[in-house]
Amino acid sequence: AAYTGGNAIVRASLLEEFYGNEFALFKSPEKRTLQSIINEEPERKHKILHFLQETLTDLVTAKGEGVLENSIVHKLLLNYFSMGEVKGIKDLVATLHPLIISFIHTPDGCQVGSYCMLYGNQKERKSMLKIIKEHITRIAEDPYSYLFLLTSLNCVDDTVLLSKTILHPLLPSLSEISGHSFGAKILLSVLCAPSTRYFTEHELKYLTMDVKIPSPKGDELVPASAKDRERRRSELRDYMKDNIIKLCKNHIFSLQQTKLGHAIIEEIKIDSPHAPFSSLASVFSSLHPSSSSSSA
């Protein structure tokens, strides 16, 4: 409560207490970020980050989901993931990944979750995806956790796993998802390459996130995802194509009423120009040209 209800200086002061005992004893009268503290005293970076990592690991290990209900913990985790060393980050992922559903619903938490997916090993990624599978529609329509799905669909190389844990569970609610301002973005991320045509700059950040991790031999840093982005998207699009064609055929008029629904139709028409709904969509567009530019 003190963190969420405090002003910027109070919040910054509370965060500093997790950077070392001396920060709890000697308070700064000014607002400072972790980045500004390290910029001022770069020689303390390792000590501060080590203390932060150990504190967070101990908190999550001891209190589990309960501590992850606090937004201050999400901010602290994001601070560490943004500045920590790869080994420390991967150690935190090992602790956090079973609790992924507990923190991806906040602005900072969805970024932390995305980092977990990026830095996670194959086993950890599979575990996280299996956990979210049971909540997939709610996640896809949440104003923050849908961003975690965008990152997952664009960084996990195992497209069979992605299809089973994200795309297949969405099928029963596809008509609902396609008409939702966040859910429709999940479908569009499969149908087309990231661009400002359909995605905001903030969404593009999640669609293009990438990190470097040690190679299997440990002699160099390599991208966390090995598969070409377009190949991954093509495999996911192939899985969804028939289902989206069926969606467009059965819900052509309602889809045309929103900007994103119209975008879904146009993108699947590019991929499948002879789909049975294509001529009907063209006729509707000519009769109602404003529908393609209406807001979602």
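It should be noted that the structure appears before, not after, this text.
Note that this is a predicted model, so its numbers are computed, not measured.

Participant: Break down the overall build of the protein for me, citing the residues and quoting the values.
Facilitator: When helices and strands are tallied, the protein shows 19 helices and two strands. Taken over the C-alpha atoms alone, the protein extends approximately 70 × 45 × 30 Å along its principal axes. Within the protein, the fraction of its 296 residues that count as buried is 50%. Accessible area of the protein: about 14200 Å², with a carbon and sulfur share of 54%. Charged side chains of the protein number 34 positive and 34 negative; the gap between the two group centres comes to 4 Å.

Participant: An account of the nonpolar core is needed here, citing residue identities and associated values.
Facilitator: Core analysis: the largest hydrophobic core is formed by 88 residues, its most contacted members being Y19, F81 and I166. Here this core takes eight residues from helix α6 (residues 71–83), the largest share from any one element. In contact with Y19, not counting residues within four places along its chain, are L34, I37, I48, F51, L52, L76 and N79.

Participant: Help me get a handle on the packing of aromatic side chains, residues and values and all.
Facilitator: Taken as a whole and judged by the stated rule, the model has four aromatic pairs. Measuring from centroid to centroid gives 6.2 Å for Y19 and F23, while their planes differ by 85°, and the two rings are edge-to-face. Y19 sits in the buried class, given a relative accessible area of 3%. Look at F23 and you get buried, because its relative accessible area is 4%.

Conventions adopted
Residues numbered from 1 in each chain as written. Predicted model: local features only at pLDDT ≥ 70, side-chain atom pairs only at ≥ 80, totals over all residues. Heavy atoms only, no water. Helix = DSSP H or I, 4+ residues; strand = E, 2+ residues; numbered from the N terminus. Buried < 20%, exposed > 50% of the residue type's maximum accessible area, 1.4 Å probe, protein only. Areas by Shrake-Rupley, 256 points an atom, 1.4 Å probe, with all protein chains shown as cover. Lys, Arg positive; Asp, Glu negative; His and termini not counted. Charge placed at Lys NZ, Arg CZ, Asp CG, Glu CD. Core = buried A, V, L, I, M, F, W, Y, C linked by side-chain atoms within 4.5 Å. Contact = heavy atoms within 4.5 Å. Phe/Tyr/Trp six-rings, centres within 6.5 Å; stacked < 30°, edge-to-face > 60°.

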